[in-house]
Amino acid sequence: MQHDTRDGQHEQQGRHEHEHEHQGHDSRHADHADRSAHAGHSAPAPGKADWPMAARATLHCLTGCAIGEILGMVIGTAFGWGNAETMALAIILAFAFGYTLTLRSVLKAGVDFRTAFRVALAADTLSIAVMELIDNGVIALWPGAMDAQLADALFWGALALSLTVAFVVTTPVNKWMIGRGRGHAVVHRYHH
């Protein structure tokens, strides 16, 4: 009889441990479900970048770069500055406007300025640098483009082509960065 009692106790204890294991397992499932509900708001997992996402990130950078480039070239040309000074101003303003657009969107998420600034630097530095290298390289290599004035079709044509080439070259760079959890993947962590 004692043996039957021990078996009953062992069976009861085994059932209790088994139920406890299932409770822990169920809570892990609930945690996973909670995380997956927010999956659309988090950064893409490394390796999950697609071309449309990379193109949007590049277009975002291109917008800031184009504003800065055009403004810098307009100012430099209007004041009669030399090519080096005008190009330097255009590059500085391209970075400034590129960072500002990202900074603005991250600040809207309620992040403090210091964190938002670090996010903008992490998200955009390589993308803007590649874009500026390609953009200014095309303009520098295009015969007569560096000497074109604001009223010349060559000025605007070379600028449009250089920005287009910069977009095409920078999109794979952004795809690569997003796929590794960098670049604009960092910005996506702050979008709700």
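As a reminder, the structure under discussion sits directly above these lines.
Digging into the packing of aromatic side chains
In step 1: For the structure shown, the criterion picks out four aromatic pairs.
In step 2: On the numbers, 6.1 Å between centres and 15° between planes, the contact of F113 with F117 is stacked. Highlighted residues: F113 and F117, both in helix α4 (residues 113–141), separated by four residues, approximately one helical turn.
In step 3: According to the relative accessible area criterion, F117 is partly exposed, its value standing at 37%.

Observations concerning the packing of α4 against helix α5 (residues 153–179)
In a pair of packed helices, the angle between the axes and the distance between the axes together describe the arrangement.
In step 1: For the pair α4 and α5, interaxial distance at closest approach is 8 Å and the crossing angle is 145°. Two packed elements cross with a definite hand, and for α4 against α5 that hand is right-handed. Residue-level inspection shows A123, L126, S127, V130, M131, I134, D135, V138 and I139 of α4 in contact with α5, the latter providing A158, L159, S162, L163, V165, A166, V169, T170, V173, N174 and M177.
In step 2: Of the residues that constitute the contact of α4 with α5, the class distribution is 15 nonpolar, four polar and one charged.

Describing the side chain of E69
In step 1: You can see E69 is positioned in helix α2 (residues 51–78).
In step 2: This buried residue, E69, is left without a salt bridge; R104 holds the nearest opposite charge, at 19 Å.
In step 3: The contact partners of E69, leaving out residues within four places of it in the chain, are A90, I91, A94, E132, D135 and N136.

Focus: the environment of T77
In step 1: Position of T77 among the secondary structure elements: in helix α2.
In step 2: Spatially, the C-alpha atom of T77 lies 6.7 Å from that of Q149, the residues being 72 residues apart in sequence.
In step 3: When near neighbours in sequence (up to four residues on either side) are disregarded, T77 contacts T86, Q149, L150 and F155.
In step 4: Within the local environment of T77, its side chain forms a polar contact with the backbone oxygen of M73, the two atoms lying 2.7 Å apart.

Calculation criteria
Residues numbered from 1 in each chain as written. Predicted model: local features only at pLDDT ≥ 70, side-chain atom pairs only at ≥ 80, totals over all residues. Heavy atoms only, no water. Phe/Tyr/Trp six-rings, centres within 6.5 Å; stacked < 30°, edge-to-face > 60°. Helix = DSSP H or I, 4+ residues; strand = E, 2+ residues; numbered from the N terminus. Buried < 20%, exposed > 50% of the residue type's maximum accessible area, 1.4 Å probe, protein only. Axes fitted to C-alpha atoms, helices over the stretch in contact; angles between N-to-C directions. Left-handed = near helix turned anticlockwise from the far one by under 90°. Contact = heavy atoms within 4.5 Å. Nonpolar A, V, L, I, M, F, W, Y, C, P; charged D, E, K, R; others polar. Lys, Arg positive; Asp, Glu negative; His and termini not counted. Salt bridge = Lys/Arg side-chain N within 4 Å of Asp/Glu carboxyl O. Polar contact = N/O pair within 3.5 Å; in protein donor to acceptor, adjacent residues only side chain to side chain.

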